Amino acid sequence: MMRYRANEDEAWKVSLREARSVDVVDAGFDTYVRDHWDLLSSGKTLKFNFASPLHGRSIKLRAKAVSCNQAAGENTCIRVDVAQPLIRLFVEDLNLTYDTESRRLKSFKGIVNILDPQAKSQELEVFYQYSILPTGTQPADP
């Protein structure tokens, strides 16, 4: 089930989907990429269904490793775009940058499902940093 509303004053729009009709939900791009790392890094283009609560359906997307504009070998860059050629003309790509060795996500750039105060889509660039805790140390409570 997918639920969506543009703001808290509107009613929820509900759409039912079979679980097998959706491969990726929300920020699940990272898990999808790491689960298919070998295929993507070998040059394969992968198509998958992304759950879009805004549209009440899944959208066919594709992911492919592309050349990074940074030092070769350090990063692996993945471009995610809409699989349908006509729609691709109107929708911007998502760009994911990974550390090649650790396969950790370093950055995400693209349209997100968080709307601005006027209920319009926003483009966001997120940079990720990771910390290694000393052995036996627990993360601090938020």
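Presented here is an overview of the structure given in this document. Computed from a prediction, not measured in an experiment: that's the story for all the values here.

Side note on the pairing of strand β7 (residues 94-99)
Looking at chain direction, strand β6 (residues 75-82) and β7 are connected through six bridges and run antiparallel. The partner of Ile78 across the bridge, within β7, is Leu96. Note that β7 and strand β8 (residues 105-112) share four bridges and pair antiparallel. Looking across to β8, one finds that Tyr98 is bridged to Leu105.

Section: the state of the cysteines
By definition, a disulfide links the sulfur atoms of two cysteine residues through a covalent bond. Summed over the entire model, instances satisfying the criterion amount to one disulfide. In this model, Cys68 is linked to Cys77 through a disulfide, with the two sulfur atoms separated by 2.0 Å. Taking the torsion about the S-S bond as the criterion, the Cys68 to Cys77 disulfide, at about 125°, is right-handed. The buried category is assigned to Cys77, whose relative accessible area is 8%.

Topic: the pattern of salt bridges
In total, this model carries five salt bridges according to the counting rule given. Among the ionic pairs, Asp30 bridges to Arg34, the shortest N-O distance being 2.7 Å. With Asp30 and Arg34 both in helix α1 (residues 29-35) and four residues apart, the pair spans about one turn of that helix. Using a relative accessible area of 17% as the deciding quantity, one classes Asp30 as buried. Residue Arg79 pairs with Asp81 through a salt bridge whose shortest N-O separation is 3.7 Å. Put simply, Arg62, Arg79, Asp81 and Asp93 are held in one network by salt bridges that share partners.

Looking at the nonpolar core
Ranked by size, the top nonpolar core spans 20 residues in total, and within it Phe29, Phe48, Leu61, Ile78, Val80 and Leu96 carry the most contacts. Contributions of two or more residues to this core are made by α1, α2 (37-41), β4 (46-52), β5 (57-66), β6, β7 and β8.

Conventions adopted
Residues numbered from 1 in each chain as written. Predicted model: local features only at pLDDT ≥ 70, side-chain atom pairs only at ≥ 80, totals over all residues. Heavy atoms only, no water. Pairing = 2+ DSSP bridges. Helix = DSSP H or I, 4+ residues; strand = E, 2+ residues; numbered from the N terminus. Disulfide = S-S within 2.5 Å. Buried < 20%, exposed > 50% of the residue type's maximum accessible area, 1.4 Å probe, protein only. Salt bridge = Lys/Arg side-chain N within 4 Å of Asp/Glu carboxyl O. Core = buried A, V, L, I, M, F, W, Y, C linked by side-chain atoms within 4.5 Å.

Interpretation in functional terms is not warranted from these geometric data alone.
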